[in-house]
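Residue-level structure breakdown
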Amino acid sequence: MKKLLVYITVCLLCTAFWSCNEKEKKYKPGSIGSAYELVLVCDNARWEGALGDTLRSILLEPVDHINSYEPIFDVYRIINLTDLHRKNRNIMVVTVDPEYTEPFLVAQYDVYAQPQIVINLAGPDNESVISYISEYRENLTNTLEAAERDRDMNYNRQHGDKNIPREIYDKFGVEVELPYGYKVRNTLDDFMWISFEYPTASQGVIIYSYPYTDRENFTVDSLLYYRNKFTALIPGENPGSHMTTYTYEDYKPELTHLRLDNGRYWAEMRGFWDVEGDYMGGPFVSYSTLDTDTRRVVTFDFYVFSPDKPKRNYLRQLEHLIYAVRFPSDATAVAMQ
């Protein structure tokens, strides 16, 4: 019941804020700061005590399936919210005051700049706030993550590439949204490989499909079989080398079943890829679902290669793409013209 109340409070406040400030949004300055950068307003006494320890354990938790420590957020703690900091894209304000009767967590959007999220965490004393935020830690991180995801999706929708998504639709019958900069590297009847190449990093998207037989198609063994079948089409730098999946004991892929906002089921598999016959590797996450119209399994496989730089933001940008995927059978799908 408490979780429902938190969710309703956030949603109602956000709806009211958006409706009341629709005319004002265009006058807000652009927000500043990097993706997953969080300005945290918290005084010294609480930051250096148990409340600070709790906040650090939540906000600086390591990102799963990255082979070096990277926190889920880059936290910049300040004592007071200055005019400069008010423009940051992600702000969290912690307030402890005995005037409050109970702890609460509220999110507001585009308060001082846009796009922006401002989260207020407050309560009557340290102990109640610690207990509250420990219980609702996922509400906090999911809300911040959703704000970052929505920014990416809105940008891709308004300013993204139009040609490659059309090719994907023609081949797989699936709508996608992509930022500019991706190039098609290889394409076959049931396979497409595209990537965005940076000077020192690479973001890759592999899309493939195959006939659905039964529920066993969505087990780790089956998903790995088809992943390795199609990633064998992606060459390494050395002659004869190709991408495969790293499956040693400590780094076996992990499978999660989830449903996105439109109700579509996805099998999410996370792990590490490497190259057979070469020394390359990095994290990947794949999303597989059933296209009920064609009775085929369709997989979007995202990988990152960034040997010398952080990987979190590259991987998160790719993960966000799956939230804009639409099949004709989805209620929110709109046929491409």
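Notes on the structure in this doc start here. Keep in mind it's a predicted model, so treat the numbers as computed, not measured.

A separate point is the packing of helix H3 (residues 50–59) against helix H5 (residues 137–159). To characterise two packed helices, one gives the angle between the axes of the helices and the distance between these axes. At a minimum axis distance of 10 Å, the contact between H3 and H5 shows a crossing angle of 50 degrees. In terms of their interaxial angle, H3 and H5 are classed as oblique. As for how H3 packs across H5, the hand of that crossing is right-handed. Contact residues: H3 offers Ser57, Ile58 and Leu59, while H5 offers Arg137, Leu140, Thr141 and Leu144. Residues that form the contact of H3 with H5 fall into these classes: four nonpolar, two polar and one charged.

On the basis of which strands lie adjacent, the open sheet formed by five strands has the order E2-E1-E3-E5-E4 and mixed pairing. Two strands lie at the open edges of the sheet, namely strand E2 (74–78) and strand E4 (104–109), each paired on one side alone. If you compare each strand with its neighbour and ignore which way they point, the axes differ by 20 degrees on average. Of the strands in this sheet, strand E1 (37–41), E2, strand E3 (90–96) and strand E5 (117–123) are in contact with H3, which crosses E3 at around 155 degrees.

Analysis parameters
- Residues numbered from 1 in each chain as written.
- Predicted model: local features only at pLDDT ≥ 70, side-chain atom pairs only at ≥ 80, totals over all residues.
- Heavy atoms only, no water.
- Axes fitted to C-alpha atoms, helices over the stretch in contact; angles between N-to-C directions.
- Helix = DSSP H or I, 4+ residues; strand = E, 2+ residues; numbered from the N terminus.
- Parallel < 35°, antiparallel > 145°, perpendicular 65-115°, else oblique.
- Left-handed = near helix turned anticlockwise from the far one by under 90°.
- Contact = heavy atoms within 4.5 Å.
- Nonpolar A, V, L, I, M, F, W, Y, C, P; charged D, E, K, R; others polar.
- Pairing = 2+ DSSP bridges.

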